[in-house]
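Architecture and fold: a report
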Amino acid sequence: MSAQAPSPPSRDPSEGALRRAGIAAALALLVVAGLWATRPAAQAQPPRELQVETAFPTTDLIVENVAGPPIELGGVPADDRTPADLLPAGGAAAFVTVAGTDVLGPALEGTAAHEALVESGLFPAVGESFSQVWEEALEQAQDAFNQATGAPMFIEETEPVEIEMQFEEINEGAVEEFDEDAVQEIEVEEFDQEAFDEFQQPAEFEELQVLEEDLDAFDAETMEEEIPTERAEALAALQALGDAVKNGGVALSIHLPEGPPFPALCVVLPGAADEVEAVLSQTTQEERDMLQLRQVEMNGVTVTAGNIPGAPPFYNFGLWRVGEHLVAAAGPGAVEAASAVSAGDGEALSTLPLAESTPDDALVAGWLDFAAVADRFGEFPAYEADWRDEGQVTVNEVLTSLGLDALAGFRGSLSVDGKALRSDAEWTLRGAPRGLLAALDPSPITMDDLPPMPAEVGAFAAGSVDFDRIYDGVVEALAELAKLQRPESQERALMENPSTMLNDLAWFDVRASLLEPLGNVAAVYSDPADGGLFGLGGVVAVSVDDAAALRAGLQRFNDRILRELPPGASEGGSINVIRQAGAEITTISIGGFFRPSVVVTDDWVVFAPTPQAVAAFLYRVDGTLPRWEPTGRWAPQFERVPDEFTSLAASDPRPAAAFLNNLIGTLLPPINEFADGPTDIALPPTELVTGPLFPNVSWAVNTGEGVRGTGYASLPVPAFAGGGGAGSSMLALPMVAGGIGLLLPAVQAAREAARRTQSANNIKQMGLAAHNYYDTFKTLPRGTVEGTDLPVKQRLSFMVALLPFMEQQALAEALDPKQAWNAGPNGRVARSVIPSLVNPSIPSGPTTDEGYAVTHYVGIAGVGAKAATAPARTVKTGVFGYDRATKFRDITDGLSNTLMYGSVHENVGPWAQGGPSTIRAFTQKPYINGPDGFGGHPGGTQFGFADGSVQFISENVDPSVLEALSTTSGAEPVGAGDY
């Protein structure tokens, strides 16, 4: 066979485009991460576009994947400015800086955390183990890939690949496998010469002949094809840039310039200018054209500028160097502002108040100018409001209603101070705190104000909390926010007067009974000695100003909870009182397993998951048990704490570190064995890990313009993670339980208020349907349908007559008034649930056990067992009766003084059935939550009056008032204040 060089394999045209787009995207992402997608409004007036002054040299021939001529970044000489000194101040809204490993490594080497985790050998051992496990897993993955695909998973070198095709060996193998006996067994049909002559050769045979000719010319000895790694230098440049960013860190700021509301971004990459220049130099001419790269002079600085594909023309970017540092800017006016700062002519970000408060040696730092963001976007619409003349509610209105307009900003940082990691944070205000910010003006407390804690306490947190002021702030914020909701909407009803709603549901004044008696000190701590089963030893202690009032309030709260428990809910639980250490400890036994407990002393109210932890608190109060003092290991750290503070937290990280070391020692060997990792990894003794650690402590103070916090930690772990042994790691559970206990009434109140509002709306819809029926027929419907001799309980109810006026015309047309309510087609229709007849507060559901749809609202028949069957206009009759129809002129007591509908929660029946299922009278006291079944909401139920109004009536209402309201012509004097 003759030899002929094979043609190169065809290449998917999308591959080159994809690679070019990847390089371009990486370059664009370097300077404008994510911001290019912001597009301007049509009427926006953009800042001036960067004009081309010097285009980069081009070549006549554009070669795919070949870098263009080298690019040199312009800029200014090196100086001693920090990254914050190179970012512009104008319109700055946020700033973040993260130090690179060149700074992080040396800074952390002297800390206690580095000594405990690295120098002890813990992290190096784990790292070595997982490194080998990873390498082994990678090799196994590559072998599996090779076996599955027959191709290598990774191509490490660009060596020529030889493919030898040994046709002679293949032919010899085929001959050896030839089975002559098998051929002789094959039956051969008689040869049909006539059919063979008529046979037409298909087109596929012609293709095979062409292929055969090509094979004749093919060199079967060897074939070589190079598989190069394309853009290797570009990839290496990107890798070098990534390493430079990792080593040098990054600083960036977000700006909100004047003009169109589009953010701008400025970035400083310390020590990365050469690497960015190398990446730019590896771009192809096509990529440079796509980015419109050019050089411009801006404020005396030579800027490599470009535009982001798809972004507005004014949303350009620029790159330049300040010595070894790379400065990048993107967005409206960003290049001009940042280049002015580099040239020494603009105001630097480091001069801003928030930036001046950030430590120069911070490893991580950031701040947010909330006021600048609010002012910039405050007049933007928050949501549409078609009921207002303006047609919208603005962001400023929402912020003002919640009190958030007083927030100025926030800053935070992490730095190294000796062997400790120091954290700083500050919330700043630009006005008096109110609404949701009421908590940001706490009064100071001292160490003497803390509760008595266990001598071996592992972790605690305490703070100044003005409970009633915070409550008032939340109530005020909700009331103001309600004004921005649609009038008569459910949302407005929920938020308009939350304190009244909560008090109504609780049947006592929550603020006066539970919050005002409290003091201003709240603390939570771990109790390692009395942790109980699973270490649930977390204790919450709150100071008390009026113990008698608080005891009475808690008793009312307990009574309310017990009264609202559904039947059977108290089974397996009980409330007991234990007298210990001169006080009464109230314990709630839940299934005999969990026993959360509470005690009120003259100075403290204490919550804990076990009565032992509460009793231990009492014994520390009377001096029987020792108290914690900031001595010994705690003393050096507490020397930093000021005399007055608004909050204080401390924890011993050694138990957490010991737990971590033991956990790794337990889990690492089986992981290595499972993954074929090393079995000779030696972990350090726990004492080497815990020895360098000292207590963590943090505090906050009220500056008068906000709250500033400071913390020192040897090992930054959550305050209660292992702070007091196994028990303290579970401290979050009692904290959460306590929080749920405090929030549960409010959450339940909000849910019940929503259900009550929905139920009231249901009754209003029924009242409206009755009035529309009256307008049509000049009478209210009979209690059961006419034209049948069926017993009352077998007839269809009056609600059938209201269906067309309740948007249920189809159901009404499907009913047969001559048949029983559950017979024939009526039985099928009666299974249709009508949402407006279902009270969402009643848990029994919308259907009976037989599947018939129920109604939770009934017509009022009057007073007495015979009220539903009595003739109209008698003293004890109401609006509805089984065989009577009432006209409005028959209601001589007045429509607004006569009940038409009531909500029921007992003996509920189908809406289609006549009789007590849909019409009821008041027969036995108490009339609400009594034998007659009227009820449905905590503390009472809702009634619809004949004028269409809906009122909630308490279960404690005088029975004579309900009797008077239920009749149409009794002439009893009743005022709105009576119910």
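The coordinates are above.
Now for a quick tour of the structure.

Criteria and cut-off values
- Starting afresh in each chain, residues are numbered from 1 along the sequence in its written order.
- Predicted model: local features are reported for residues with pLDDT of at least 70 only, side-chain atom pairs are reported and counted for 80 or more only, and whole-chain, interface and lining totals are derived from all residues.
- Hydrogens and waters are ignored; side-chain quantities use all the structure's heavy atoms.
- Put simply, a nonpolar core is a bunch of buried Ala, Val, Leu, Ile, Met, Phe, Trp, Tyr and Cys residues held in one set by side-chain atoms that sit within 4.5 Å of each other.
- Classification of residues uses two cut-offs on accessible area relative to the type maximum, computed with a 1.4 Å probe and protein chains only: under 20% is buried, over 50% is exposed, and between them is partly exposed.
- The numbering of helices and of strands both runs from the N terminus, where a helix is a DSSP run of H or I of at least 4 residues and a strand a run of E of at least 2.
- Here a cavity denotes a set of grid points, spaced 1 Å apart and computed over the protein atoms alone, in which a 1.4 Å probe fits but from which it cannot get out, and a pocket denotes an open set meeting protein on both sides within 12 Å along at least five of seven lines; residues with an atom within 4 Å of a point are reported as lining.
- Grid points are joined across faces, edges and corners, and a volume is the space filled by probe spheres set on the points.
- Classification used: nonpolar for Ala, Val, Leu, Ile, Met, Phe, Trp, Tyr, Cys and Pro, charged for Asp, Glu, Lys and Arg, polar for all others including Gly.
- Here the axes come from fitting lines to C-alpha atoms, over the contacting stretch only for helices, and the angles between their N-to-C directions go from 0 to 180 degrees.
- Put simply, angles under 35 degrees are roughly parallel, angles over 145 are roughly antiparallel, angles from 65 to 115 are roughly perpendicular, and the rest are oblique.
- Whether two residues are in contact is decided by their heavy atoms, any of which lying within 4.5 Å being enough.
- Here a Phe, Tyr or Trp ring, Trp counted by its six-membered ring, pairs with any other such ring whose centre lies within 6.5 Å, and the pair is stacked when the planes are under 30 degrees apart, edge-to-face when over 60, and tilted otherwise.
- Here a polar contact means two N or O atoms within 3.5 Å. Within protein one must be a hydrogen donor candidate and the other an acceptor candidate, and residues neighboring in sequence count only if both atoms are side-chain atoms.
- Two strands qualify as a pair provided DSSP detects at least 2 bridges between them.
- Any Lys or Arg side-chain nitrogen located within 4 Å of an Asp or Glu carboxyl oxygen qualifies as a salt bridge.

What tends to happen in soluble globular proteins is that the nonpolar side chains get buried as a cluster. Core analysis: the largest hydrophobic core is formed by 43 residues, its most contacted members being Met 900, Tyr 901 and Trp 911. A per-element tally of this core places helix α25 (residues 732-777) first, with seven residues. In this structure, Val 539, Val 606, Val 614 and Phe 694 belong to the second largest nonpolar core, which totals 36 residues.

Time to look at empty space enclosed by the protein. Applying the stated criterion across every chain yields a total of one cavity of 30 Å³ or more. What the largest cavity holds in volume is close to 30 Å³. Lining the largest cavity, in full, are Ala 872, Arg 873, Thr 877, Gly 878, Arg 884, Thr 886, Asp 890 and Thr 968. Its residues assigned to classes, the lining of the largest cavity comprises one nonpolar, four polar and three charged.

With that out of the way, let us pick up the packing of helix α15 (residues 395-402) against helix α16 (residues 467-482). Packing of α15 against α16 leaves a shortest axis separation of 7 Å and a crossing angle of 150°. The angle between α15 and α16 falls in the class roughly antiparallel. Contacts between α15 and α16 involve Val 398, Ser 401 and Leu 402 from the first element and Glu 476, Ala 477, Glu 480 and Leu 481 from the second.

All right, on to the packing of aromatic side chains then. For the coordinates displayed, the defined rule picks out 19 aromatic pairs. Taken together, a centroid distance of 6.1 Å and an interplanar angle of 25° make the contact between Trp 699 and Tyr 712 stacked. Separated by 13 residues along the polypeptide, Trp 699 in strand β25 (residues 696-702) and Tyr 712 in strand β26 (residues 706-713) bring together distant segments of the chain. Here Trp 699 and Tyr 712 have matching classes, each one buried.

Looking now at the side chain of Ser 714. With respect to the element layout, Ser 714 can be found in the loop between β26 and β27 (723-726). Since its relative accessible area comes to 0%, Ser 714 is described here as buried. One polar contact links the side chain of Ser 714 to the main-chain carbonyl oxygen of Phe 694, over a distance of 2.6 Å. Filtering out sequence-adjacent residues up to four positions away, Ser 714 remains in contact with Ala 112, Ala 113, Pro 653, Leu 693, Phe 694 and Asn 696.

Moving on to the layout of surface pockets. One number sums up the size of the second largest pocket: a volume of about 810 Å³. It is α25 that contributes the most residues to the lining of the second largest pocket, seven residues altogether. When its residues are assigned to classes, the lining of the second largest pocket shows nine nonpolar, 10 polar and six charged.

The next subject is the pairing of strand β9 (residues 301-307). Across the seven residues of β9, six count as buried, placing the element largely inside the fold. Alignment of strand β8 (residues 294-298) against β9, held across five bridges, turns out to be antiparallel. Bridging across to β9, Gln 295 finds its partner in Thr 304. Where β8 hands over to β9, the hairpin turn is made up of two residues, of which Asn 299 adopts a positive phi near 60°.

Moving residue by residue along a regular strand, the side chains alternate between the two faces of the sheet. Counting buried positions over the seven residues of strand β29 (residues 857-863) gives seven, a clear majority of the element. Alignment of β29 against strand β30 (residues 899-903), held across three bridges, turns out to be antiparallel. The residue of β30 that forms the bridge with Gly 859 is Tyr 901. Across four bridges, β29 lies against strand β32 (residues 919-922) in parallel orientation. From the neighbouring strand, Val 863 faces β32, where its bridge partner is Phe 922.

Bringing the pattern of salt bridges into the picture now. Inspection of every chain in the model, using the stated rule, returns 22 salt bridges. Of the charged contacts, one joins Asp 472 and Arg 511 as a salt bridge, the two residues approaching to 2.6 Å between their closest N and O atoms. Within this pair, whereas Asp 472 is found in helix α16, its partner Arg 511 is found in helix α19 (residues 510-515), the two being separated by 39 residues in sequence. The class of Arg 511 is partly exposed, set by a relative accessible area of 22%. A salt bridge links Arg 782 to Asp 883, with the nearest nitrogen and oxygen atoms 3.3 Å apart. Note that Arg 782 is positioned in the loop between α25 and α26 (799-802) and Asp 883 in the loop between β29 and β30, a separation of 101 residues in sequence. Look at Asp 883 and you get partly exposed, because its relative accessible area is 46%.

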